[in-house]
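# Commentary on secondary and tertiary structure
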Amino acid sequence: MKAFGKIEVYVGKIVQETKYIKRFHLYPVDRELLPAFTGGSHIATYVKNGAETIERNYSLVSHPTDRTQYAIAIRKDDHSRGGSVYWHDEIKVGDRLEISWPKNHFPLAFKAAKHHVFYAAGIGITPFMTMMEDLTAEGKSFELHYAARTKEDCAFYDYLMAKYPGKCHFYFSRTEIPKKMTPVTMAEHRIGSHVYFCGPASMVKEFREAAESYGYPSYAIHFELFAVADKGPKNPFVVKLTNSNKKVAVSEEETLLEALLKAGVQAPHSCKVGGCGSCEVQVMEGEVDHRDHFYKDGERGSKKVILTCCSRAKESEKELVLEL
Amino acid sequence: MYESTNLDLFPYPFHNIKEGSNYRYSNDLRKLEKDHTNCVVITPEYEKQIKRKRELLKEQPAVRFQSYPHTMAMQWEVVEMLIEMAVDRYPEHFQVEKNGNHWTFHNYILNETESFIFGDASSIELEPLDLIGRHFTTDFVLMVHRDDNLYLEVAQESYAALFSPHWNKGMTFDEIHAPVPFVSRTGVPLAERVRNFLIRNVLPGEPWTRINWNLMANRWDVNYETFDTWGPTRFLVTPENAGDLVRLRVEEQFFYRMPRSNAILFVLNTQFLAMKDLVLRPEWLNQTYSILSDIPKPMAEYKGFSPFIEPTVEYLKNLVEKIEFQTN
Amino acid sequence: MVYSNPVLFDKSVTIVEKFTVRQDCRKILIISAEPKEADAIQQLIDEINGQTEYELIEFNDETQLSHVNEILDQQKMGTQLYISAKWEDAVSIFAAAIEAGFSEGEIQTLISGKKKRYVYCLKCYHLQEAAAEETDIVCDHCQISLEIGPFFSRERKGYIGYPYNPAFATTN
Ligand code: HEM
Ligand code: FES
Ligand SMILES: [Zn+2]
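Being a predicted model, the structure only gives us computed values, none of them experimental.

### What about the interface of chain B and chain A?
Counting residues at the interface gives 24 residues for chain B, matched by 31 residues for chain A. Together chain B and chain A conceal approximately 2400 Å² of surface at their shared face, both sides included; 53% is due to carbon and sulfur atoms. The largest share of the area that chain B buries against chain A comes from Asp 147, Arg 200 and Arg 260 of chain B, three residues that together contribute 28% of it. For Glu 80 of chain B, the salt bridge is made with Arg 67 of chain A, and the minimal N-O distance between the two is 2.9 Å. Viewed at the interface, chain A and chain B are joined by ten residue pairs in polar contact (both at pLDDT 80 or more). When contributions to the side of chain B that touches chain A are tallied by element, the ones reaching two or more residues are helix H3 (72-89), strand E6 (139-146) and helix H7 (191-201) of chain B. Tallied by class, residues from the side of chain B that touches chain A come to eight nonpolar, six polar and ten charged.

### Quick look at the sheet that holds E6 of chain B
All names here are of chain B. The strand order across the open sheet built from seven strands is E1-E8-E9-E10-E6-E7-E2, with neighbouring strands paired in antiparallel fashion. Each end of this open sheet is capped by a strand with a single partner; those strands are strand E1 (30-31) and strand E2 (65-67). Relative to strand E7 (residues 149-156), E2 runs antiparallel, the two sharing three bridges. Bridging from a neighbouring strand, Gln 66 pairs with Ala 155 of E7. Where H3 meets the sheet, its contacts fall on E2, E6, E7, strand E9 (246-257) and strand E10 (263-274), and the angle it forms with E6 comes to roughly 130°. Sheet strands in contact with H7 are E6, E7, strand E8 (208-217), E9 and E10, and its direction is about 80° off that of E7.

### So, the sheet that holds strand E7 (residues 136-138) of chain C
Residue and element names in this part refer to chain C. The strand order across the open sheet formed by five strands is E6-E5-E9-E8-E7, and the pairing between neighbours is mixed. Each edge of the open sheet carries a strand with a single partner, namely strand E6 (127-129) and E7. On average, each strand axis in the sheet is tilted by 45° relative to the strand beside it, whichever way the strands run. Here strand E5 (residues 118-121) pairs with strand E9 (residues 158-164) via three bridges, running parallel. Looking across to E9, one finds that Tyr 120 is bridged to Ile 160.

### Let's talk about the pairing of strand E4 (residues 52-59) of chain A
Residues and elements named next belong to chain A. Bridge count for strand E3 (residues 42-49) against E4 is eight bridges, and the pairing is antiparallel. Its bridge partner being in E4, Tyr 46 is matched across the sheet by Glu 55. Connecting the antiparallel pair E3 and E4 is a turn made up of two residues, with Gly 50 showing a positive phi of about 65°.

### Describing the coordination of the iron atom of ligand 1
If you check the protein contacts of the iron atom of ligand 1, you find one donor only, His 177 of chain B (NE2), at 2.0 Å. Here His 177 of chain B is to be found in the loop between helix H6 (173-176) and H7.

### Some points on the packing of aromatic side chains
Residue and element names in this part refer to chain B. For the coordinates displayed, the defined rule picks out 50 aromatic pairs over all chains. Aromatic pair Phe 94 and Phe 105: ring centres 5.8 Å apart, planes at 5°, arrangement stacked. Of this pair, Phe 94 sits in strand E3 (residues 94-99) while Phe 105 sits in strand E4 (residues 102-107), and the two are eleven residues apart along the sequence. A relative accessible area of 0% places Phe 94 in the buried class.

### Let's talk about the UniProt feature "domain: Dimethylamine monooxygenase subunit DmmA-like C-terminal" (unreviewed entry) in chain C
Residues annotated in UniProt with the feature "domain: Dimethylamine monooxygenase subunit DmmA-like C-terminal" (unreviewed entry) correspond here to residues 119-161 of chain C. The straight-line gap between the two end C-alpha atoms of residues 119-161 of chain C is 6 Å; of that span, 0% is helix and 51% is strand.

### Concerning the environment of Glu 188 of chain A
All names here are of chain A. With respect to the helices and strands, the residue Glu 188 is situated in the loop between strand E9 (168-172) and strand E10 (193-198). Overall, the relative accessible area of 51% leaves Glu 188 in the exposed class. Considering only alpha carbons, one finds Glu 188 and Tyr 214, 26 residues apart in sequence, at a separation of 9.6 Å.

### Comments concerning the nonpolar core
Here is a general trend for soluble globular proteins: nonpolar side chains tend to be buried in one another's company. Judged by nonpolar contacts, the single largest core of 74 residues is most densely connected at Leu 198, Trp 213 and Leu 215 of chain B. With sequence-adjacent residues up to four places away left out, Leu 198 of chain B is seen in contact with Leu 29, Leu 150, Phe 173, Phe 255, Arg 257 and Ile 264 of chain B. Counting 59 residues, the second largest nonpolar core, distinct from the first, contains Phe 37 of chain A together with Val 78, Val 79 and Ala 86 of chain B.

### Describing the interface of chain C and chain B
Each partner contributes residues to the interface: chain C has 23 residues there, and chain B has 25 residues. Taken over both partners, the interface formed by chain C and chain B buries close to 2000 Å², and the fraction arising from carbon and sulfur atoms is 62%. Across the contact surface, chain C and chain B share three salt bridges. One salt bridge in this structure joins Glu 175 of chain B and Arg 154 of chain C, with 2.7 Å as the shortest N-O distance. Mapped by element, the contributors of at least two residues to the side of chain C that touches chain B are strand E8 (145-153) and E9 of chain C.

### Digging into helix H1 (residues 83-90) of chain A
Turning to H1 of chain A, its buried residues are Gly 83, Ser 84, Tyr 86, Trp 87 and His 88 of chain A. Residues of H1 of chain A that are buried make contact with strand E2 (21-28), E3, E4, strand E5 (70-75) and strand E6 (96-99) of chain A.

### A short note on a negative patch on the surface
Residues Glu 133, Glu 134, Asp 136 and Glu 147 of chain C make up a contiguous surface patch of negative charge. A relative accessible area of 33% places Asp 136 of chain C in the partly exposed class.

Conventions and cut-offs
Residues numbered from 1 in each chain as written. Chains lettered and ligands numbered in written order. Predicted model: local features only at pLDDT ≥ 70, side-chain atom pairs only at ≥ 80, totals over all residues. Heavy atoms only, no water. Contact = heavy atoms within 4.5 Å. Buried area = accessible area lost by both parts, 1.4 Å probe. Salt bridge = Lys/Arg side-chain N within 4 Å of Asp/Glu carboxyl O. Polar contact = N/O pair within 3.5 Å; in protein donor to acceptor, adjacent residues only side chain to side chain. Helix = DSSP H or I, 4+ residues; strand = E, 2+ residues; numbered from the N terminus. Nonpolar A, V, L, I, M, F, W, Y, C, P; charged D, E, K, R; others polar. Pairing = 2+ DSSP bridges. Axes fitted to C-alpha atoms, helices over the stretch in contact; angles between N-to-C directions. Donors = N, O, S within 2.8 Å, 3.2 Å for Na, K, Ca; no water. Phe/Tyr/Trp six-rings, centres within 6.5 Å; stacked < 30°, edge-to-face > 60°. Buried < 20%, exposed > 50% of the residue type's maximum accessible area, 1.4 Å probe, protein only. UniProt positions renumbered as here; feature names shortened; annotations may be inferred. Core = buried A, V, L, I, M, F, W, Y, C linked by side-chain atoms within 4.5 Å. Patch = residues over 30% accessible without salt bridge, like charges linked within 9 Å, V, L, I, M, F, W, Y side chains within 5 Å. Areas by Shrake-Rupley, 256 points an atom, 1.4 Å probe, with all protein chains shown as cover. Lys, Arg positive; Asp, Glu negative; His and termini not counted. Charge placed at Lys NZ, Arg CZ, Asp CG, Glu CD.

Written as structure tokens, this is what we have:
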């Protein structure tokens, strides 16, 4: 745990969790203890593929206080940018890679939290694995609602059944008697409940809207998305930076953050998918096309800010002036 | 008590201010460079400072150290990190032996040894952070991230500038900063913006830094608890004695996100430079004179130096003129 | 009890002059512990006008008040709480509501009569009551002069009392 910055690890074990999901166990090369972490944390993984580095964030699924190793679970997604396919097809036991320290943009709630309820679809189960470990250790109340196609496709099914009897509700859609996970159970949660959603964008949207309609205050609604919501074409534009006195052009091919980093500007960032707010920059002039899922709807209008990892200038705008 | 003698180790506060520009509040956090992430620094004043720190902690335990009982695991996490930083940077001064959970920490500067069972608060007499903190000259605060704010849950503070662990215990970042006229050059309120920046960007493995500064009139430590005694002494400064009485008080601050507790460890390295010593670095003297000549009234009021800012600026003006006269 | 829980003090955001009906909830729970405010309650019910489900709980003595925890614990998400009480009762009902999982934003509190205000002496760490209009006070315990500041501590349950030496008091 000595140095700050990235940590070098090797793949010590690979487990086929389901047909499409593999679990990878990572061990520190220097044999020092790894940092412990909090429930809901993820790591950034940096895999070398020739000259290219594939950077992806994955939730940790090993125990938060196990400092000898980390585990991540990855679902092979043929429609994605290729990170998961590379991990599934190319990564072997013994391979080395770099990872970030564990970071948490999806922590458990604290205020007024009497009961925590998790809604997971598919691989969306991963952040909840460590959250449930922390709550169990603290003796806190929780329940899990988890949707998958079949029992065989349901990662960690046996583990969860054995470890948390009475707390897990499974919904399998491709069985003889299909069961659908719907938001209606949220109407019955006691006062002081916090709800957490993790899954595809459409699922998260449906559950967020339902929670609001049941009168959940916004601080009790938590969610994590794995990818940038696809919100229209990428238009080119230019940004003028007031602090560093630079002008940077952003092409159709890249995000504003990518263009800034390429130009040598020290732009802050973390998740790169519009979910954590780390890349926020003040906007001095120009209209922003917000594409994040970080701000609440009301906030976007009132704050003059942009999240550089996902948002862009409005179509009509040629230039934005940023305080950077 | 102590003043910086090695100016290379003195964290001069205005390095990042453009020449000719004045000082206003801003989000001035900077990410620490790869090889400068270690907050343990041994200056020539180390022993003097430790002695004074321990006296203060002993004389006023309730003023200087505060914590909640649920913070023990968080404190141990800090103990581990500080020991590793110390041993990593100064292996000649600090060493640790680990026999399973039985740890022995050696401080060769003070010739002291601490033995304890790591993670077991009953194996030591003080709380973990209070114990390890007495080996380092810096002050320590743990701000725990809960929901959308940071809460002060542990603090060991012996060089305070209006900081009281006792009063600030349990407060949010926003509550702690409520007395500060915390607005930017253009009048934008900063507390919420800075708090969000800390929460989102001070991440495990990526520490940040900033510098805070103040002026103190013949004091090393001011807090609300003793306002009745130091408040009146501020009126004794004149353009003649400001060189000796008034000191530039600088806090070099470090921010580390602790991975397990999700708290931000806030470390303060406090150093002093007498006004008269500014001549040792003429460029510091010129810039400090120019910056102190243009401090907004609310900021001077808040910082507590409005009773003596005028004689201090007058003193610096005379000093600048004297030096210009000598070099011409 | 969690230390960071809000507590009721004279400037709490939960304290209102008049109840207002909000649309962002499924149920309104009214706890009325002060019979004198029956008019305010009736006005609230008129305003709800059957648009939202509501439940009115009236407490007339201490023993009934001890059931408040049970009632609060049974509520579901989407419930908002309206408290009408004298100061001391409001303090305990508010604390019970927070403990049950309500947040400050979901509670409106109407105080009958006087609110209480406390000052915390930073010289000797003693807490004492101060009248609403007081700006300066002498500490009961250590006799130092205190200037009452605008900052409140949940942990210390009072406003900051800055110790000062009246012989050197300056006006600036
Ligand atoms: C997270 C840890 C932090 C803690 C525990 C902390 C604590 C404090 C305290 C106790 C004070 C004195 C308040 C009083 O007068 O009662 C203070 C002042 C102040 N803080 Fe912080 N602070 C933190 C981080 C920051 C950061 C990140 C910034 C900035 C960008 C900042 C900016 C300031 C400023 C400008 C003042 C006024 C000081 C002066 O002008 O001399 N603080 N802080
Ligand atoms: S980096 Fe997380 S929102 Fe942009
Ligand atoms: Zn007193």
